[in-house]
Amino acid sequence: MVAWTCPTNLTPTPVLDNFSAVIGVIATLILNNSAKQPHLSGMKHRALFIAALIALSLGSTAAHAGCYADYKAKKDNPLQLHYGVIELPQSLCDGGNVAAAIAPRLAREGWTLLNVLSVFEDAGLERRKASAGPFYLRF
């Protein structure tokens, strides 16, 4: 496998900065085109509002990553153990009682949560798929 490195001349920019630039360009075009036609001022404001809504909705979907946890669980009589990956609400990735959210979901099928190994976002999902096997996003 080839290791990928980030070029040093690139600097990350927040998603909303790009959309702010787009809104600025759209606003400039709308404002400059309607200077000779004062009756279009209401349309100008509506177009700006719609452009802002589109930019914000696109920005918010790009900014939200998935939230997942990997865990170990057991079942008694006979003893069974499994490693699994489970999807969580985004609020738990920002801090929260992950075990309290996972345990009842596992208990519905007779499993007892032993421990939560880690909480992660989309980037760590694919590498855990093979290890979790049938318990990959099952609960």
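Scroll up to find the structure this text is about.
Note that the structure is a prediction, hence the values are computed from the model and not measured.

What counts and what doesn't
Residues numbered from 1 in each chain as written. Predicted model: local features only at pLDDT ≥ 70, side-chain atom pairs only at ≥ 80, totals over all residues. Heavy atoms only, no water. Core = buried A, V, L, I, M, F, W, Y, C linked by side-chain atoms within 4.5 Å. Buried < 20%, exposed > 50% of the residue type's maximum accessible area, 1.4 Å probe, protein only. Helix = DSSP H or I, 4+ residues; strand = E, 2+ residues; numbered from the N terminus. Contact = heavy atoms within 4.5 Å. Pairing = 2+ DSSP bridges. Axes fitted to C-alpha atoms, helices over the stretch in contact; angles between N-to-C directions. Arc of directions from axis to C-beta. Polar contact = N/O pair within 3.5 Å; in protein donor to acceptor, adjacent residues only side chain to side chain. Disulfide = S-S within 2.5 Å.

> I keep staring at the nonpolar core and nothing clicks. Help me out?
Note on soluble globular proteins: their nonpolar side chains tend to be buried together. Core analysis: the largest hydrophobic core is formed by 14 residues, its most contacted members being Tyr71, Ile86, Leu88, Ile102, Leu106 and Phe139. For this core, the secondary structure elements donating two or more residues are strand S1 (67-75), strand S2 (80-88) and helix H4 (98-107). For this core, the element with the highest residue contribution is S1, accounting for four residues. Apart from residues no more than four positions distant in its own chain, Phe139 is found in contact with Tyr71, His82, Ile86, Arg105, Leu106, Glu109 and Trp111. Counting six residues, the second largest nonpolar core, distinct from the first, contains Tyr68, Val85, Leu125 and Ala132.

> I'm lost on the sheet that holds S2 in this one. Help?
Within a beta sheet, neighbouring strands are joined by backbone hydrogen bonds and run either parallel or antiparallel to one another. In spatial order, the strands read S2-S1-S3; together these three strands make up an open sheet with antiparallel pairing. Two strands lie at the open edges of the sheet, namely S2 and strand S3 (112-120), each paired on one side alone. Sheet twist, expressed as the average angle between the axes of neighbouring strands with direction ignored, equals 20°. With seven bridges joining them, S1 and S3 adopt antiparallel strand pairing.

> How should H4 be read in this particular structure?
An α-helical turn contains 3.6 residues, so any two residues separated by three or four positions project in the same direction. Looking at H4, one finds that the buried residues are Val98, Ile102 and Leu106. Here the buried residues of H4 occupy an arc of 40° about the axis, which is enough to place them on one side. Elements that come into contact with the buried residues of H4 comprise S1, S2, helix H3 (90-93) and S3. Put simply, Asn97 is the residue that caps the front of H4, since its side-chain oxygen is 3.5 Å from the backbone nitrogen of Ala99.

> Mind showing me how you'd approach the state of the cysteines here?
Counted by the stated rule, this structure contains one disulfide. Between Cys67 and Cys93 runs a disulfide, and the two sulfur atoms are separated by 2.0 Å. Its S-S torsion of about 100° marks the bond between Cys67 and Cys93 as right-handed, since a negative value means left-handed. One end of the pair, Cys67, is in strand S1; the other, Cys93, is in helix H3, and 26 residues separate them in sequence. Classification of Cys93 as partly exposed rests on a relative accessible area of 22%.

> Could you clarify how one ought to interpret the side chain of His82 in this entry?
Relative to the helices and strands, His82 resides in strand S2. Judged by its relative accessible area of 7%, His82 falls in the buried class. Engagement of the side chain of His82 in a polar contact is seen with the side chain of Tyr71, the distance being 3.0 Å. Setting aside residues no more than four positions away along its own chain, His82 makes contact with Tyr71, Lys72, Ala73, Leu106, Trp111, Phe135 and Phe139.

> It is not clear to me how helix H5 (residues 125-132) should be interpreted in this structure. Could you clarify?
Every buried residue of H5 is accounted for by Leu125, Arg128 and Ala132. One side of H5 carries all its buried residues, which in axial view fall inside an arc of 65°. Exposed positions of H5 whose direction lies more than 90 degrees from the buried face are Glu126, Arg127 and Ala130. For H5, the elements touching its buried residues are S1, S2 and S3.

Read these as layout, nothing more, since geometry by itself doesn't imply function.
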